[in-house]
Amino acid sequence: MQRILKTNLILFLIIVAAFTLRFYHLGINPPGLDWDETAHGYNAYSILKTGKDEYGYKFPLSFRSFDDYKPPLYTYLVVPSVALFGLNDFAVRFPSALLGVLAILFTYLMVFELFKNRKIAYLSAFFLAISPWHLQFSRVAFETNSATFWSVLGTWAFLSGLRANGIKTTLWMCATALAFGANLYMYHNARVFIPLFALVLALIFRQNLLRIKKHLVTPALIGLTFVIFLIPIVISISGQLRFKGTSVFGDVSPLYKASQLIEDDKNAGTLWEGKILHNRRLVYIPILVRNYLSHLTPTYLFFTADMDRHHAPLVGLLYLWDLPFLLAGIYFLFVKKMNINSKIIVVSWFILAPVAASVTWGVPHSLRSEIYLPMFQIFTAIGFYYLFSEIKYKNLWKIVTCLLLFMNVAFYLHQYHVHMPLEFSKAWLYGRKEAAEFTEGEKTNYDRVIVSTALEQPHEFWLYYLKYDPLKYQQGGGTVSGGFLEDRNKFDKYLFKPINFDSQSQEAKTLFVGLPSELPKDGRLVKIINYLNGEPAIYIFDSGAK
Amino acid sequence: MNLIKKYKYLVVIFFIAVTIRFYGISTVPPGLYSDEAAIGYNAYSVLKTGRDEYGQLLPLTFRSFDDYKTPLYIYLTVPLVYLFGLNEFSVRALSALSGSLATITIYFISLRIFSKKKLALLTGLFLAISPLGIVFSRGAFEANLMLFLVSVYLLISLKETLSLKSLATLAVVSGLSIYSYHSAKLITPLFLLAFILTRQDELKTFGKRLIIPMFIFILLMLPIATNFNDFFTRGKAVSILSSKNIPDQFVQNYLSYFSPKFLFAIGDSIGRHSVSNHGQLYLFELPLILVAIATLKISKKTSLFIFLLLISPIPASVAQPNPHALRAISLSLIFAILSGYGLSKVLEKSKKQALLMGTASTLVVFYFFISFLHLYFVHNPKEKGPDWGDGYKQALEYVNSHQKDYTKVAFSDYFGQAYIYALFYSKYDPLTYQKKQDYKHQFSKFEFFGESWNKTSAGKALVVSPFWQQYPGNKLENIYNKKGDLVFVISESE
């Protein structure tokens, strides 16, 4: 044990750093759970207690949740975590943070396997450990972060399998099949990325694979099983719904625009050119290209990221420090002598990563393209390594670069732990917990509690924070539907629907929970819940009548 | 004649460049932007009186809309206005000419760097068909004149052996460039500095004779010293000095010029600077530029143009908004060189399938080129009419032919700077205009109004209002732009 520790001291230290950064204040910062996180939490709780999800489906292969039909794996990973730690914010985020730490270990192993260079492997692992992008999603219960883990693990196992002999090959390849297969149940984008990436791997190593084909039977069967179970999910109406809801093809305005251009061409006498150039089969191509390229916008990567929930204030997804090394790394990757297959693997990973996200609206989207990781870090590591080897004043270089990196990291951590909760508590839906607990205390004084659907999926938050008994919930009908306009969800004394104060306060003695803008003129304010920056978040009120 | 034979392919490229840049230049882009009208009228004013619209004798900066325009473009437009009259063509011709000539200079630049004729031709061709080049060559953009001057001094600075004559020319051209566009005030000094540093050994051999080019340069800079303030007014007005975190803002702006989405997919957000949903470059240039970056060797020769690549976005990055393709126009030279280099590398590598690759790349380039031309000539004029002030000409033609029946012409200033259009299209006598004390608000029968017009004097008035505003009196005429959208309503008030 001591020996292992000694030879791997650096790696051990990196892992410790990664662990600390991911677990410090986990469950406290970010300052609230977003709806997807609460859904994972409550559905895992429900599975743990009853074996069924909030709708009453038994061990589903995709969770209907908010009608977005979530891939199931993350929720199932939360089940043991909830069993162990109870239903709380820490438990919900625990699997993501843990797989985040493990991703660093496997990044080290994968990079070493790729480039046979210990220093580059250490650097890659270290850069991933401190990456704002990876930290952001390791510290919340978003599925995508675990998709990075499975991809890295699978690739490492695959490369190891190629090198191994006999039964070991079979075992490694089984591990690959399991990791890649699991990834298909992890996150939507992995369902695009993994098949394409696996194809690239198969093409690069087709000769090696043919040579070991007798070892590939079991792994192939495992892979096939995953795929077979996936098919009905993907082609089902619900799977299509998710695709239609988020894909650019759902928007017909480009088609309309193209037909307008053709109409203009008709008037201008350039009809046949127009018919070719504005062909309606082609109109989405420029949009896909634009979406794809948008993921490489420097301002987005280094400064603004995409939305408040995806970064710390004033910090982007990568450190500004990374920029010169990142560019140098890409350059060196092309010009330096390295294993050509490894080069192809890294480059094709980088090229394929944003493909799934590019088909969706709302790009660039750091969550849907997180599968980029750890490629940015590997490039940075390569750049740092080769620049260092070519520089004259090595000590000066070490001091300056480390100092600058330290400043960058310190600034990020300060922004993340001090300013993010204050500035972005609204984005983190802060206040649902406080409101739920307050209403639970007050409900005996009222006939019913109406929670406004303007709070966005309030039923999930109330179920989660009140730890409402899943069995009772299912017996009461469970969730009716998770659409954003749904107003029929209810349990116990709680009803989740739009507030219509005048009529609803007439019907029964009602306690209302809503946004500050929903407070009626003659409502009596019972409680105000503020965001962490002092702005009002939620108003709880009644009619004031005795 | 021999020269043409020697450079027959270059002549073809130049011919292509001229054709794309001059064809229908008076009507595409439609109308005139207010800056263009100002350039035209000030040139006209200098031609007739030697003074600008404010009565300044041969000014160093043209006050115009208080944006203090750089002077070179306007002065060089004077002979064009003399030759062709005051119209869209004479205002835009210099820009189109600069853009066309740049294809020749870039050919020789590329030849000096790489010493390969085919590669040099490719670079010339890529600049000739570059969306960035075409869009800016067809409007009276002073920046395009700067681009040409920058290309000339880059060419000189790449000379194998420097002579006193070439140094003197370098001094003249770089000195002039500073008067051509605001960006040059930063780029040129930086470039000269790099030039001096990289070739200091050679320069030292000139000894005392170096005084000559230095003297020329200083002489050219003297006028600035006399009027330092006006010369930098524009820079101050648009700068990021008021921003909260200046270094951060600068880095952010700077990087935005290298955003692939900006370069290859959507382009500049300012309507006049790009074709909607088309990048500043062609998408096919993306892989070529990547290949070029990966394979380009940093040498004494390439370092100067890589340096130009790195400094080109600086002037634009200290200003707002970003990314602003016009202010960083010298990038178009670099990207054309990189694309050309990239393609020649690809063709070189694919020796066995040279014919196949050659045909394939020709087809790809041709497809993108044709579809850009289609968008630019057929759809863009319609879409971007409002950006180019399409409608003023039509309105003023009506006004000019009818104003004799009225005592006043009231023209809406809703879109800003309407007075310059009235001056431009009525070719109003500059001498009479300069004598007026209350510039801009009224001259001759014209007066300009904002939200609504109130009668100021007796007599019949012709009123031009934007189509959504209430117009007084009887409607006489609807003024449509080229797209067919209503822009102005002309009415008559008793």
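Residues numbered from 1 in each chain as written. Chains lettered and ligands numbered in written order. Predicted model: local features only at pLDDT ≥ 70, side-chain atom pairs only at ≥ 80, totals over all residues.

Before going further, it helps to spend a moment on unusual backbone geometry. Residues and elements named next belong to chain A. That bond from L373 to P374 is cis: its omega, 5°, falls within 30 degrees of zero. Within the fold, P374 resides in the loop between helix 20 (355–358) and helix 21 (375–390). With a phi close to 55°, L429 is a non-glycine residue in the positive phi region. Inspection of the secondary structure puts L429 in the loop between helix 22 (394–424) and helix 23 (432–442). Residue classification places L429 among the buried positions, given that 23 C-beta atoms sit within 10 Å. Here Q457, not a glycine, exhibits a phi torsion of approximately 55°, which is positive. Relative to the assigned elements, Q457 resides in the loop between strand 1 (448–451) and helix 24 (458–466). (Helix = DSSP H or I, 4+ residues; strand = E, 2+ residues; numbered from the N terminus. Buried ≥ 20, exposed ≤ 12 C-beta atoms within 10 Å, placed from the backbone.)

Moving on: the environment of A129 of chain A. All names here are of chain A. As for its placement among the helices and strands, A129 is situated in helix 6 (residues 118–130). Taking the number of C-beta atoms within 10 Å as the measure of exposure, A129 has 29 and is therefore buried. C-alpha separation for the pair A129 and A17, spaced 112 residues apart in sequence, amounts to 7.1 Å. Not counting residues within four places of it along the chain, the set of residues in contact with A129 comprises I14, A17, A18, L21 and I104. (Contact = placed C-beta atoms within 7 Å.)

This brings us to the nonpolar core. I104, V111, A125, A129 and M186 of chain A are the most contacted members of the largest nonpolar core, which has 143 residues in total. The greatest single-element share of this core, amounting to 16 residues, is contributed by helix 5 (residues 89–115) of chain A. Other than its neighbours up to four places away in sequence, M186 of chain A contacts P71, L73, Y74, E143, S146, A147 and W150 of chain A. By size, the runner-up hydrophobic cluster in this structure holds 136 residues, among which are I129, A418, F424 and F448 of chain B. (Core = buried A, V, L, I, M, F, W, Y, C linked by C-beta atoms within 7 Å.)

All names here are of chain A. Here we have six strands laid out as an open sheet, ordered 2-3-1-4-6-5, and mixed in their pairing. Taken across any chain shown, the strands that pair with only one partner, and hence form the sheet edges, are strand 2 (490–491) and strand 5 (524–530). Pairing analysis gives three bridges linking strand 4 (residues 510–514) to strand 6 (residues 536–542), with the strands arranged antiparallel. Along strand 6, the bridge assignment pairs G514 with Y539. (Pairing = 2+ DSSP bridges.)

All names here are of chain B. Partitioning chain B into domains gives domain 1 (2–380) and domain 2 (391–493). In this complex, domain 1 contributes 17 residues to the contact, which on the side of domain 2 involves 17 residues. Split by residue class, the side of domain 1 that touches domain 2 holds eight nonpolar, six polar and three charged. (Domains from an automatic or database assignment. Nonpolar A, V, L, I, M, F, W, Y, C, P; charged D, E, K, R; others polar.)

Time to look at the packing of helix 4 (residues 73–85) of chain A against helix 5 of chain A. Residue and element names in this part refer to chain A. Two numbers describe how helix 4 lies on helix 5: the axes approach to 8 Å, and their chain directions differ by 130°. For the element pair helix 4 / helix 5, the angle class is oblique. The element helix 4 and its partner helix 5 pack so that their crossing is right-handed. In this structure, helix 4 contributes Y74, L77, V78, S81, V82 and F85 to the contact, and helix 5 contributes F90, A91, V92, F94 and P95. Residue composition of the contact of helix 4 with helix 5, grouped by class: ten nonpolar, one polar and no charged. (Axes fitted to C-alpha atoms, helices over the stretch in contact; angles between N-to-C directions. Parallel < 35°, antiparallel > 145°, perpendicular 65-115°, else oblique. Left-handed = near helix turned anticlockwise from the far one by under 90°.)

What follows covers the sheet that holds strand 5 (residues 474–480) of chain B. Residue and element names in this part refer to chain B. Spatial strand order, 2-3-1-4-6-5: six strands in an open sheet with mixed pairing. If you trace the sheet from one side to the other, it starts and ends with strand 2 (442–443) and strand 5, each paired once. Two strands pair when backbone bridges link them, and strand 2 and strand 3 (residues 446–449) are joined in this way by two bridges, in the antiparallel orientation. What sits directly across from Q442, in strand 3, is E447.

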